[in-house]
Amino acid sequence: NRIGAGAFNSVLARYPGLEHLDVAGNGLGAEGLLKLLPALAGHAGLRSLGLADNAIDGPTMGRLARVLEGTGVLHVVLGRCCGARANVVDAEATDAWVAALRRDPPWATIDLRGVIINEADAERWLRAVSESRLVRFNYDGELGAEVRARLCHQANVRRVLPAPELGRLRRG
């Protein structure tokens, strides 16, 4: 299931109506994602992006945040499975994502399950999430009552279509 970034770029160029792209487990790494970023930035139709288990480093995850801010992507899955190819969300990546959340991007959901985040960075994420328009935020830690209440409120206000269930899409 390893496909190069060049193949994804050509798919994105060929299918401007593509709404859901899940490249989880393809081992893109930082180099592959850097090649994919221009195509993501120029694809107006993309609504959900799955990048779990691609061994993406912290600086590149930060660049991803800055690119996705200017797109119509609503649902971002950065980690669901752990393992040798887990993505890295370090202090540098946290800086970029938290700053982006404060600028009010279109994102509705961010899934960080399976990504190791230290306690200090997790607190920064939670503060930013509680001040954002996200409707769902998943990570391996505990969401406080205030954060859960804010997410519920935003879900009622925004009425965003949920992220696709890939298992159901594959069966259909």
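Residues numbered from 1 in each chain as written. Predicted model: local features only at pLDDT ≥ 70, side-chain atom pairs only at ≥ 80, totals over all residues. Heavy atoms only, no water.

**A short note on the packing of helix α4 (residues 91-102) against helix α5 (residues 119-130)**
Relative placement of two packed helices is described by the angle separating their axes and the distance separating the axes.
Consideration 1: Two numbers describe how α4 lies on α5: the axes approach to 9 Å, and their chain directions differ by 10°. As far as their axial angle goes, α5 and α4 are roughly parallel. Contacts from Ala91, Thr94, Asp95, Trp97, Val98 and Leu101 of α4 reach α5 at Asp121, Arg124, Trp125, Ala128 and Val129.
Consideration 2: Tallied by class, the residues present in the contact of α4 with α5 amount to seven nonpolar, one polar and three charged. (Axes fitted to C-alpha atoms, helices over the stretch in contact; angles between N-to-C directions. Helix = DSSP H or I, 4+ residues; strand = E, 2+ residues; numbered from the N terminus. Parallel < 35°, antiparallel > 145°, perpendicular 65-115°, else oblique. Contact = heavy atoms within 4.5 Å. Nonpolar A, V, L, I, M, F, W, Y, C, P; charged D, E, K, R; others polar.)

**Topic: the environment of Val147**
Consideration 1: Summarising the element assignment, Val147 is placed in helix α6 (residues 145-158).
Consideration 2: The sequence separation of Val147 and Thr60 amounts to 87 residues, and the corresponding C-alpha distance is 27 Å.
Consideration 3: Those residues in contact with Val147 that lie beyond four places of it in its chain are Leu126, Val129 and Ser130.

**A few points about the sheet that holds strand β2 (residues 48-50)**
Consideration 1: Strand order in the open sheet formed by five strands is β1-β2-β3-β4-β5, and the pairing between neighbours is parallel. Of all the strands in the sheet, just β1 (20-22) and β5 (136-138) have a single pairing partner and so form its edges. Across the sheet, the mean angle separating the axes of adjacent strands is 5° when strand polarity is ignored.
Consideration 2: Sheet topology note: the β2/strand β3 (residues 75-77) ladder contains three bridges and is parallel. (Pairing = 2+ DSSP bridges.)

**Topic: the pattern of salt bridges**
Consideration 1: A complete count under the given rule lists eight salt bridges for this structure.
Consideration 2: Each member of the salt-bridge network shares a partner with another, and the members are Asp95, Asp121 and Arg124. (Salt bridge = Lys/Arg side-chain N within 4 Å of Asp/Glu carboxyl O.)

**Some thoughts on the confidence of the model for the protein chain**
Consideration 1: Mean pLDDT over the protein chain: 88, with 90% of residues reaching 70 or higher.
Consideration 2: In the model of the protein chain, helix α7 (residues 166-171) stands out as the element of lowest mean pLDDT, 52, in contrast to α4, which has the highest, 97. (pLDDT = per-residue confidence, 0-100.)

**Here we look at the packing of helix α3 (residues 58-69) against α4**
Consideration 1: It is at 7 Å that the axes of α3 and α4 come closest, and there the two elements cross at 15°. Judged on the interaxial angle alone, α4 and α3 are roughly parallel. Once α3 is placed against α4, the crossing between them reads as left-handed. Residues Gly58, Pro59, Met61, Gly62, Leu64, Ala65, Arg66, Leu68 and Glu69 of α3 touch α4, and the partners they reach there are Glu92, Ala93, Ala96, Trp97 and Ala100.
Consideration 2: Its residues assigned to classes, the contact of α3 with α4 shows nine nonpolar, two polar and three charged. (Left-handed = near helix turned anticlockwise from the far one by under 90°.)

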